[in-house]
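# Breakdown of the fold
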2 protein chains.
Amino acid sequence: MSSREDLYPSRQLDRPVWLERQDPVVYRDDLEAAPIAPELIAQFERDGYMVLPELFSPEEVAVLRAELNRLRQDEKTLASDEAVREPESGALRSVFEIHKSNALFARVARDARIAEVARFILGGDIYVHQSRMNFKPGFTGKEFYWHSDFETWHVEDGLPRMRTLSCSILLTDNDSNNGPLMLVPGSHRHYVSCVGETPANHYQQSLRKQEFGVPDNNSMSELVSRYGIDTATGPAGSVLFFDCNTMHGSNSNITPAARSNLFFVYNQVENALQDPYCSQAPRPSFIADRGPVTPLDIAPQTYL
Amino acid sequence: MSSREDLYPSRQLDRPVWLERQDPVVYRDDLEAAPIAPELIAQFERDGYMVLPELFSPEEVAVLRAELNRLRQDEKTLASDEAVREPESGALRSVFEIHKSNALFARVARDARIAEVARFILGGDIYVHQSRMNFKPGFTGKEFYWHSDFETWHVEDGLPRMRTLSCSILLTDNDSNNGPLMLVPGSHRHYVSCVGETPANHYQQSLRKQEFGVPDNNSMSELVSRYGIDTATGPAGSVLFFDCNTMHGSNSNITPAARSNLFFVYNQVENALQDPYCSQAPRPSFIADRGPVTPLDIAPQTYL
C-alpha cells in the first residue's frame with residue numbers, strides 16, 4: 001500500500017487541506033447522446049447533483065413502498081447485519097445490499113431510467129457499489145452531519161477515483177421541513193481532507209453517527225459561504241442523482257412526515273475497490289462491494 | 001386549588017383530549033386603530049402568528065447583537081441560574097430574564113414598535129411574563145420538539161387564560177435550512193391536552209429537552225394534516241409575533257449559520273399568574289414573573 005499513489009489523502013494530517021478534484025464529473029462529452037436532456041447533465045456537472053422529478057409514477061412508488069414496508073417488518077431482515085438502527089431510539093434506519101437480497105430491488109437497480117443515466121455520466125459500464133433502503137421517521141428523525149461520501153469510500157473502502165455517483169429514489173414527498181437532503185452545489189470540485197485517524201470498526205458507528213471523516217467547521221463555513229445550500233425536495237417518485245464528492249447532510253425531522261428512499265451507488269467498472277487508504281481492514285462487502293465486479297445488466301423494467 | 005375552575009386541563013388523563021379555545025386571539029375589534037396594518041392583525045388572528053419583516057434596522061440589529069455577544073461571554077451571566085445550556089454539548093442556549101438584568105434589553109422590551117402591537121392584540125396593559133435571549137449554534141444546533149407554550153405556562157406556572165403572546169426579534173437571518181421555527185397555522189384554536197403527570201423540578205429538564213407537556217403523535221399528525229406547517233423565516237431585524245397556544249417547534253441546525261433572537265413574552269395584566277394547575281411548586285420567577293405585576297411603560301426607543 002505504501003508505494004501506491006493516493007490522489008485524495010485524508011485523515012493523515014493534523015489540519016484540513018483542500019485538494020482540487022483530479023477527475024471529471026461527467027465522463028462523456030457527447031451530451032446530445034445522453035438518455036436525458038443535455039441541460040440536466042450540464043447541471044449535474046456544474047452543481048454536483050440533479051433531481052429528475054417524478055421519474056417513477058405514483059403507482060410504481062406504491063409498489064416499491066409496499067415492498068419496503070414489508071421488509072421493515074420482516075424479522076429475518078431486522079436481525080441481519082445489513083440492518084442499521086438509529087443511535088438513540090433503536091428504530092430501523094437503513095437496510096443495506098437490497099439489490100442482492102431482494103428480487104424487486106435488484107430490478108430497480110438495473111432499471112434503465114436510472115442506470116443508463118449513471119452509465120452515461122460515468123462513461124462506461126457500471127456496477128452497484130452499495131445499495132440500501134433508508135428510513136427517516138417522523139417526529140424523531142435525527143440529523144446526519146455533512147460529509148463527502150467519496151472521502152469515506154476512498155479512505156475506508158479503497159475507492160481509488162471519483163467515478164461514482166449516488167441515486168436516491170424518493171418514496172415519500174420531501175419538502176423543506178421534513179429533513180430533506182441538503183447539498184452544497186459546486187462542493188464536488190473540492191476535496192476537503194479530514195482530520196483524525198480512522199478507528200477500528202469505525203463503520204459500525206459511522207453508519208449511525210459520523211464522527212470521523214467529516215469536514216472541519218472552517219471548511220464547511222467556507223464552502224457554504226462560496227456556494228450556499230440547496231435542498232433536494234420533490235414529490236415521491238422523484239430521483240436525486242449526486243456525485244460521490246458532493247458535500248451533503250440533513251437536519252432532524254420532528255414533522256409527522258416520515259421519509260424513505262431507495263439508494264443505489266453506481267461505480268464505473270474500471271474504478272473497482274482496492275485496499276483501503278488507511279491502516280484498517282476494509283468494511284464488510286454489504287457496505288462496499290469488493291468484487292469481482294461484473295457490468296450491470298441494464299434493462300427497462302416494469303413493476304405494475 | 002381544587003375548587004378553582006380549570007378551563008384548560010392537561011396532564012391529568014391517560015389519553016389526549018382536544019378542547020376548544022375559550023378565549024379570543026385578538027382582544028380588540030377596532031382593527032383600524034391598530035399600530036400596524038389591520039390585515040396583519042387579521043392574519044395573526046387567523047394563523048396564530050405573523051412576521052413583521054425588518055422591523056429593526058441592520059444598524060439596530062448590530063447594536064443588539066453586540067450586547068448579546070458580550071453577555072454570552074460574561075462569566076457572571078454564564079454562571080447564573082438564568083443561563084440554560086444545550087443537553088449534550090453544554091453550549092449556552094438561553095439566558096432568561098434579560099429585561100430585568102440588562103438595561104439595553106429592558107428598553108427593547110418596552111419598545112413601542114413591538115410592545116404596542118402586543119398591547120393592542122391583548123386588549124389592555126401588558127407586562128413581561130418571560131424574556132430571554134436564545135442561541136441556536138451552527139453545526140450542532142439541536143431540535144426543539146413541538147409544543148404549545150400555553151400548555152406549559154398554564155400547568156406549570158398557573159397562567160389562567162390565553163391572553164399572552166410571544167415576540168421574537170430575529171438577530172440573525174433565518175432561512176428554511178438553519179432550523180427556523182416551524183408553526184402550525186390555525187393550531188392556536190385547539191387546545192391539545194397532554195398525557196403524563198408533571199414531575200418535580202421538570203423545568204430544569206424541559207428548558208433543555210421537553211418530555212412532558214408535548215402533544216401525542218396522533219394529535220400532531222391530525223393538526224399538520226389539517227393545517228400544514230409554515231416556517232418563520234426572514235432577514236435579521238424581522239420580528240415574529242405568535243400566540244401563546246400556537247403549536248411550534250424546530251428541527252436541528254447542521255448549517256454553519258447560527259441563529260439568535262431576543263424573546264419577550266407579554267401577558268395582559270388581568271391574566272396574572274395563579275397557582276400552577278398541577279401539584280408541583282411553581283417554576284422560578286426568572287422563567288415566569290409571579291408578580292405583583294405593573295403595566296409596562298411602553299415608549300419609543302432609539303439605540304443608535
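Residues numbered from 1 in each chain as written. Chains lettered and ligands numbered in written order. Predicted model: local features only at pLDDT ≥ 70, side-chain atom pairs only at ≥ 80, totals over all residues. Heavy atoms only, no water.

## A few points about the relation of the copies chain A and chain B
What counts, and what does not: Superposing copies: least-squares fit, C-alpha atoms only, residues required to have pLDDT of at least 70 in both. The criterion used for residue contact is that any of the two residues' heavy atoms lie within 4.5 Å.
Here chain A sits on chain B after a turn of 180 degrees about the axis and a move of 0.0 Å along it, with an RMSD of 0.0 Å. The superposition of one copy onto the other is thereby described by a two-fold rotation axis. Taking the C-alpha atom as reference, chain A places S252 of chain A closest to the rotation axis, 2.7 Å from it. When the interface residues of chain A are mapped onto chain B, 100% of them again fall at the interface, so both copies present the same face.

## Some thoughts on the packing of aromatic side chains
Formally: Ring pairs shown here join Phe, Tyr and Trp side chains whose ring centres sit within 6.5 Å, with only the six-membered ring taken for Trp; geometry is labelled stacked below 30 degrees between planes, edge-to-face above 60, and tilted in between. Helix numbers and strand numbers start at the N terminus; a helix is a DSSP run of H or I with at least 4 residues, a strand a run of E with at least 2. The buried label applies to any residue whose accessible area, calculated with a 1.4 Å probe on protein chains only, is under 20% of its type's maximum; exposed applies above 50%, and partly exposed to all values in between.
For the structure shown, the criterion picks out 12 aromatic pairs over all chains. Considering the side-chain rings of F150 of chain A and Y191 of chain A, the 6.0 Å spacing of their centres and the 75 degrees angle between planes classify their relative orientation as edge-to-face. Pair noted here: F150 of chain A is in helix α7 (residues 149–157) and Y191 of chain A is in strand β9 (residues 190–192), with a separation of 41 residues, a long-range link. Overall, Y191 of chain A belongs to the buried group, its relative accessible area being 1%. Between F56 of chain B and Y303 of chain B the ring centres are 6.4 Å apart and the planes differ by 45 degrees, which places this aromatic pair in the tilted class. On the criterion of sequence distance, the pair formed by F56 of chain B in the loop between β2 (49–52) and α2 (58–71) and Y303 of chain B in the segment after β13 (259–268) is long-range, its members being 247 residues apart.

## Describing the interface of chain A and chain B
Note: interface size is frequently given as the accessible area lost on complex formation between the parts. Defined as follows: By convention, the term buried area covers the 1.4 Å-probe accessible surface removed from two parts as they join, with the contributions of both added. Salt bridge, as used here: a side-chain nitrogen of Lys or Arg that lies within 4 Å of a carboxyl oxygen of Asp or Glu. Under the rule applied, a polar contact is a pair of N or O atoms within 3.5 Å (in protein, one hydrogen donor and one hydrogen acceptor; residues adjacent in sequence only if both atoms are side-chain atoms).
At the interface, 25 residues of chain A touch 25 residues of chain B. For chain A, the biggest contributors to the area lost against chain B are F139, N177 and I254 of chain A; these three give 32% of the whole. Across the pair E143 of chain A and K142 of chain B runs a salt bridge, and its minimum N-O distance is 2.8 Å. Seen at the junction of chain A and chain B, the total is 14 residue pairs in polar contact (both at pLDDT 80 or more).

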